[in-house]
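# Observations on chain architecture
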Amino acid sequence: MKQTLLRSRIVHFRDDAVGSPDSALEYFEDGVIGFADGRITLLEDARRAEKQGLDLSAAEHRPEALVTSGFIDAHVHAPQLAVMGSYGEKLLDWLHKYTFPAELQFADEEVSRQNAEFFIDALLACGTTSAMVFTTSFAHSTEHLFQAAERTGMRLIAGKVLMDRNAPDALLDTPERALRESSTLIEKWHGRGRLGYAVTPRFAGTSSRAQLSVAGQLLRDYPDLWLQTHLSENLDEIAWTASLFPEASDYLNTYELYGLHGERSIYAHCIHLSESEQSRIAYAGATVAFCPSSNLFLGSGLLKLQQLREHNIPVALATDVGAGTSLCQLRSMGEAYKVCQLGDYPLGAAEAFYMATLGAARALHQEKHIGNLAPGKEADILLLNGNREPLMRERLRHCRDIREELFAYMSMGDERIIERTYVAGKVAGNVAGIKAKSATCSPRYAPQNHERALTP
Ligand code: GUN
Ligand code: ZN
């Protein structure tokens, strides 16, 4: 197959940007990236490549743009687009007032199918080429999401949500159904192309002990699955979980008791962990999904990133839409910076981008496939272009180096600066594309709702 060549400024991570930020970031002022058959074939300084005999006359030349690797979102809910930006509640009330009703709509297969297509397009328009995704407790919603992801060729991990108590009846499954439906989905989708399966108990509070046992059984039966769930997000949630599991020593122990704790476990939030919980997460090699937009929006609290670093806990960045208010990981980075500032930990651009690219790939055990632009990796590539936005263009004129440029992108940027997204070497997703697909909406409110809408 013909090699595509793109000559541009290029930046990515060779290594861990937390421990050694200076050597980890590799930047080419005038670089060339080549890809063919879905994989990266070349990454080189353009002049050096020419000296070595490479003909760059056919390369697309974009000196004003910046090429980097696709973003990875370590925790996001596909069925929650409709509840983004819902007013006034903290976690447990937000779930009951907005989120469970929205997920109930997915009983309708057509709603579920259309949402899956829109969600995947929206991710790609935001530069997210890989994600770890919650669907709903309806098995068909997981089926639809995998189908939509497969059509684009993107690398995606997802799972059917397991929940058999403390939510509306129509959203509940049973331990038996959880086992049967998860097994069917795993057999069909796990390891098919670029897709993978995560066992997905929503959180301890919505699963019975029998259902958590089923989740543990699935992980024993299929050791290369992932486990994704929520942990220690909100103080009321923690107290409620303790009342439901008096036998557990703490929140993490509700998962440990059922074999839901290992190096392929991804726990979203982890804001209020004890010292002991942090040590046990570190010992197991499990990952924390840092969801700053969501944590600020729901008023859940501030993740202590520095403490997690001191424990050497892998941390991957995530949007947690629909509690998060944007699908764009640039926005997550900007929110992460604010959370960390409040904890006196000035998060640098290299560390922030690392948590959404190579750091996330490592945490999710995907490093051999994705995370940077090394030849041999899958060609999930972004073309960023800050010149598309007048304010950003003005700010960029004053940047003195690549770190300042990246910091401007994460502080002020969003999907508007993502000019192009490649998935496995093919152009995929753009904002215009998703605008065309979304249904036109002309809101009309009944008078009583109108008042509430204007004065929340
Ligand atoms: N905890 C349990 N379910 C959810 C969810 O859907 N979103 C968030 N942010 N936390 C949860
Ligand atoms: Zn979540």
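Not measured: the values here are computed from a predicted model.

Let's shift gears to the overall build of the chain. Secondary structure assignment for the chain yields 19 helices and 16 strands. For 456 residues, the compact-globule estimate of 2.2 N^0.38 gives 23 Å, and the chain sits close to it at 22 Å. With the C-alpha coordinates aligned to their principal axes, the bounding extent of the chain is approximately 70 × 55 × 45 Å. Across the 456 residues of the chain, 59% fall into the buried class. Across the chain, contacts joining residues at least 24 apart in sequence account for 75% of those joining residues at least 6 apart. Between the averaged position of the 46 positive side-chain charges in the chain and that of its 58 negative side-chain charges there is a distance of 4 Å.

A word on the site of ligand 1. By nearness alone, 13 residues border ligand 1, and His-77, Gln-80, Arg-202, Glu-233 and Asp-320 come closest of all. Interatomic distance of 2.7 Å between a side-chain N/O atom of Glu-233 and a nitrogen atom of ligand 1. Compared with its free state, where it exposes 270 Å², ligand 1 has 100% of that area covered by protein. Judged by the proximity of its atoms to the pocket grid, ligand 1 belongs to the largest cavity. Element by element, the count of residues in the shell around ligand 1 is highest for helix α3 (residues 91–104), at three residues. Here the shell around ligand 1 is composed, by residue class, of five nonpolar, five polar and three charged.

Strand direction decides the pairing type here: strand β1 (residues 4–13) and strand β4 (residues 60–69), joined by five bridges, are parallel. If you follow Ser-8 over to β4, its bridge partner there is Arg-62. In this sheet, strand β14 (residues 381–384) lies alongside β4 in antiparallel orientation, the contact comprising four bridges. Each bridged residue has a counterpart across the sheet, and for Val-67 the counterpart in β14 is Leu-383.

Once that is clear, we can look at the nonpolar core. One finds Phe-119, Leu-156, Phe-290 and Tyr-409 to be the most contacted residues of the largest nonpolar core, which totals 116 residues. Judged by nonpolar contacts, the second largest core, of 17 residues, contains Ala-198, Ala-268, Ala-289 and Ala-318.

Another aspect to go through is the packing of helix α5 (residues 139–152) against helix α6 (residues 175–189). Contact geometry of α5 with α6 gives a least axis separation of 10 Å together with a crossing angle of 15 degrees. Regarding the angle of α5 to α6, the classification is roughly parallel. Where α5 crosses over α6, the two elements pack in a sense that is right-handed. Judged by residue contacts, Ala-139, Thr-142, Glu-143, Phe-146, Gln-147 and Glu-150 of α5 engage Glu-181, Leu-185, Lys-188 and Trp-189 from α6. Taken together, the residues that form the contact of α5 with α6 break down as four nonpolar, two polar and four charged.

Going through the model one piece at a time under the given rule, you end up with nine aromatic pairs. Plain terms: the ring middles of Phe-146 and Trp-189 are 5.3 Å apart, the flat faces sit at 20 degrees to each other, and that makes the pair stacked. Pair noted here: Phe-146 is in helix α5 and Trp-189 is in helix α6, with a separation of 43 residues, a long-range link. Taking the relative accessible area as the measure of exposure, Phe-146 reaches 0% and is therefore buried. Pairing Tyr-255 with Tyr-267 gives two aromatic rings, centres 5.9 Å apart and planes at 15 degrees, and the pair type is stacked. Taken together, the positions of Tyr-255 in helix α9 (residues 251–256) and Tyr-267 in strand β11 (residues 265–269) put the pair twelve residues apart, joining distant regions of the chain. For the pair formed by Tyr-255 and Tyr-267, the shared burial category is buried.

Such a bond, covalent and formed between the sulfur atoms of two cysteines, is termed a disulfide. Taken as a whole and assessed by the stated rule, the structure comprises zero disulfides. Residue Cys-291 stays outside any disulfide, its sulfur separated by 8.8 Å from that of Cys-270, the closest cysteine. You can call Cys-291 buried: its relative accessible area is 0%. Left unpaired, Cys-399 is separated from the closest cysteine sulfur, that of Cys-328, by 17 Å. Under the relative-accessibility criterion, Cys-399 is labelled buried at 18%.

Thresholds, definitions, all that
- Residues numbered from 1 in each chain as written.
- Chains lettered and ligands numbered in written order.
- Predicted model: local features only at pLDDT ≥ 70, side-chain atom pairs only at ≥ 80, totals over all residues.
- Heavy atoms only, no water.
- Helix = DSSP H or I, 4+ residues; strand = E, 2+ residues; numbered from the N terminus.
- Rg over C-alpha atoms; globule rule 2.2 N^0.38 Å.
- Buried < 20%, exposed > 50% of the residue type's maximum accessible area, 1.4 Å probe, protein only.
- Contact = heavy atoms within 4.5 Å.
- Lys, Arg positive; Asp, Glu negative; His and termini not counted.
- Charge placed at Lys NZ, Arg CZ, Asp CG, Glu CD.
- Near = heavy atom within 4 Å.
- Polar contact = N/O pair within 3.5 Å; in protein donor to acceptor, adjacent residues only side chain to side chain.
- Areas by Shrake-Rupley, 256 points an atom, 1.4 Å probe, with all protein chains shown as cover.
- 1 Å grid on protein atoms, 1.4 Å probe; cavity = no way out; pocket = protein on both sides within 12 Å on 5 of 7 lines; lining within 4 Å.
- Sits in = over half its atoms within 2 Å of the grid points.
- Nonpolar A, V, L, I, M, F, W, Y, C, P; charged D, E, K, R; others polar.
- Pairing = 2+ DSSP bridges.
- Core = buried A, V, L, I, M, F, W, Y, C linked by side-chain atoms within 4.5 Å.
- Axes fitted to C-alpha atoms, helices over the stretch in contact; angles between N-to-C directions.
- Parallel < 35°, antiparallel > 145°, perpendicular 65-115°, else oblique.
- Left-handed = near helix turned anticlockwise from the far one by under 90°.
- Phe/Tyr/Trp six-rings, centres within 6.5 Å; stacked < 30°, edge-to-face > 60°.
- Disulfide = S-S within 2.5 Å.

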